[in-house]
Amino acid sequence: MLHRCFALFTFLCLSVLLCACEEEKPKIMLFEQYYYGMPFKEVQARSQAAYCRDSFDSLCRPNPVTFFRESWYQRFLFKRERLVAVQLISRKPDTSRKLIDTWLDTGFRFMPVSITSGGKQLDLFAAIKATGKEGARKAVHNFTRATAADLEMIYLYLDLQGKENALNNFNNLSGIFNRGPRDIVGIEEKVNDKEIIVSFIAPIADWQDRGNPR
């Protein structure tokens, strides 16, 4: 009986320690005060957002927010009641894209890693690693020509601020998703002739949490 009580006490202590460790795990901040995995109700309370008209799995802010001195609609996407993306949406793609591209393509903070269009994907990170910038430019040119008929392009960047060397040991996107640091934030830029959607996501954490081999 004493042995059983001791085992139960040990189990409870380990459970408490495990919970404490989980709580102390650093949050992956996606955008401003919103973090990956944030509970639905907490996002709703902080943002004062309501259910989107076209979906009961996401929240939309009633009024636009300001980003780079432009007005954007803001949307929050969830999986199993946990936040996975904060989106900014502009109905002026020509104007807004210039601002976003200047931000993403200036300096060395953001690393472009993939382009998706027409059901095809270019592993841009692999092209950069294998052929350098010049080879990557040719790969992008060939890819955009091959998908010219598609009206929508999706660009994925990884934010390497404070993590400049985090991807040095990887050669392709598959390696990054499977074994890369889960706290890296991604910026997904989806562009078509009607709108631009900028999504702040945690692509590595999301992929690893799904347990999918790539």
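Student: Hey, could you run me through the overall build of the protein in this one?
Tutor: Check the secondary structure of the protein and you find six helices and 12 strands. Here the protein, with 214 residues, has 40% of them falling under the buried criterion. Restricting the contact set of the protein to residue pairs at least 6 apart, pairs at least 24 apart contribute 59%. Carbon together with sulfur atoms contributes 55% to the accessible area of the protein, which is approximately 13400 Å² in total.

Student: Quick question: what am I supposed to make of the pattern of salt bridges here?
Tutor: Close approach of charged atoms allows side chains of opposite charge to pair. Evaluation of the coordinates by the stated rule reveals 12 salt bridges. Linking aspartate 159 and arginine 109 is a salt bridge whose minimum nitrogen-to-oxygen distance equals 2.8 Å. With aspartate 159 in strand β10 (residues 153–159) and arginine 109 in the loop between α3 (93–105) and β8 (110–117), this pair connects stretches of sequence that are 50 residues apart. A relative accessible area of 14% means that aspartate 159 is categorised as buried. A salt bridge links glutamate 134 to arginine 137, with the nearest nitrogen and oxygen atoms 3.0 Å apart. Placement of both glutamate 134 and arginine 137 in helix α4 (residues 124–146) is noted, with a separation of three residues, approximately one turn of the helix. Each of Lys79, Asp206 and Arg210 takes part in a single network of salt bridges with overlapping partners.

Student: What's the story with the packing of aromatic side chains in this structure? I'm lost.
Tutor: Two aromatic rings, taken as a pair, are described by how far apart their centres are and by the angle between their planes. Tallied over the full model, the rule gives 13 aromatic pairs. For the ring pair phenylalanine 31 and phenylalanine 67, a centre distance of 5.8 Å and an interplane angle of 70 degrees mean the geometry is edge-to-face. With a gap of 36 residues between them, phenylalanine 31 in strand β1 (residues 29–31) and phenylalanine 67 in strand β5 (residues 65–67) connect regions that are remote in the sequence. The exposure classification of phenylalanine 31 matches that of phenylalanine 67, with both residues buried. With a centroid separation of 4.8 Å and 65 degrees between ring planes, the pair formed by tryptophan 103 and phenylalanine 110 is classed as edge-to-face. Through successive ring pairs, a cluster of aromatic residues spans Phe31, Phe67, Phe68, Trp72, Trp103, Phe110 and Phe200. Above the plane of the ring of tyrosine 35 lies lysine 27, whose end atom (NZ or CZ) is 5.1 Å from the centre.

Student: I tried to follow the state of the cysteines on my own but got confused; where do I start?
Tutor: Two cysteines joined by a covalent bond between their sulfur atoms form a disulfide. Under the counting rule described, the total for this entry stands at one disulfide. Sulfur-sulfur distance for the disulfide between cysteine 52 and cysteine 60 comes to 2.0 Å. An S-S torsion of about 100 degrees defines the bridge between cysteine 52 and cysteine 60 as right-handed. A relative accessible area of 22% means that cysteine 60 is categorised as partly exposed.

Student: Explanation requested: the pairing of β8 in the structure shown.
Tutor: It is a general feature of regular strands that their side chains alternate between the two faces of the sheet. Pairing between β8 and β10: six bridges, direction antiparallel. Considered in β10, the bridge of isoleucine 115 is made with tyrosine 155. In this structure, β8 lies alongside strand β9 (residues 120–123), joined through four bridges in antiparallel fashion. Directly across from threonine 116, in β9, lies its bridge partner glutamine 121. Taken together, β8 and the strand that follows it, β9, pair antiparallel across an intervening segment of two residues, in which glycine 118 is found at a positive phi of about 55 degrees.

Student: What exactly am I supposed to notice about unusual backbone geometry here?
Tutor: The bulk of non-glycine residues show a negative phi, and the bulk of peptide bonds are trans. Phi is positive for glutamate 32, which is not a glycine, with a value near 55 degrees. Of note, glutamate 32 is situated in the loop between β1 and β2 (34–35). Here phenylalanine 68, not a glycine, exhibits a phi torsion of approximately 55 degrees, which is positive.

Student: Looking at this structure, I do not really get the pairing of strand β11 (residues 186–191). What am I missing?
Tutor: Examined bridge by bridge, β10 and β11 share six bridges and lie antiparallel to one another. If you follow tyrosine 155 over to β11, its bridge partner there is glutamate 189. Direction of pairing for β11 relative to strand β12 (residues 196–201): antiparallel, over a ladder of six bridges. If you follow isoleucine 187 over to β12, its bridge partner there is phenylalanine 200. Count of turn residues in the β11/β12 antiparallel hairpin: four residues.

Conventions we followed
- The written sequence of each chain sets the order in which its residues are numbered from 1.
- For this predicted model, a pLDDT threshold of at least 70 governs which residues receive local features, and a threshold of 80 or more governs which side-chain atom pairs are given and counted, while totals over whole chains, interfaces and linings are taken from all residues.
- The side-chain quantities take in all heavy atoms of the structure and omit both hydrogens and water.
- Secondary structure elements follow DSSP: runs of H or I no shorter than four residues count as helices, runs of E no shorter than two count as strands, and numbering proceeds from the N terminus.
- Buried, partly exposed and exposed residues are distinguished by accessible area as a fraction of the type maximum, computed with a 1.4 Å probe on protein chains only: under 20%, between the cut-offs, and over 50%, respectively.
- For this analysis, residues touch if any pair of their heavy atoms sits within 4.5 Å.
- Only the protein chains shown count as cover for residues, with accessible areas throughout obtained via the Shrake-Rupley method and a probe of 1.4 Å.
- In what follows, salt bridge is the name for a side-chain nitrogen of Lys or Arg lying within 4 Å of a carboxyl oxygen of Asp or Glu.
- Any pair of Phe, Tyr and Trp rings, taking the six-membered ring for Trp, is counted once the centres come within 6.5 Å. Such a pair is stacked with planes under 30 degrees apart, edge-to-face with planes over 60 apart, and tilted for the rest.
- The criterion is that NZ of a Lys, or CZ of an Arg, lies within 6 Å of the ring centre and within 35 degrees of the ring normal, and then a charge sits over that ring.
- Disulfides are defined in this document as cysteine sulfur pairs within 2.5 Å.
- Note: two strands are recorded as paired if DSSP finds a minimum of 2 bridges between them.

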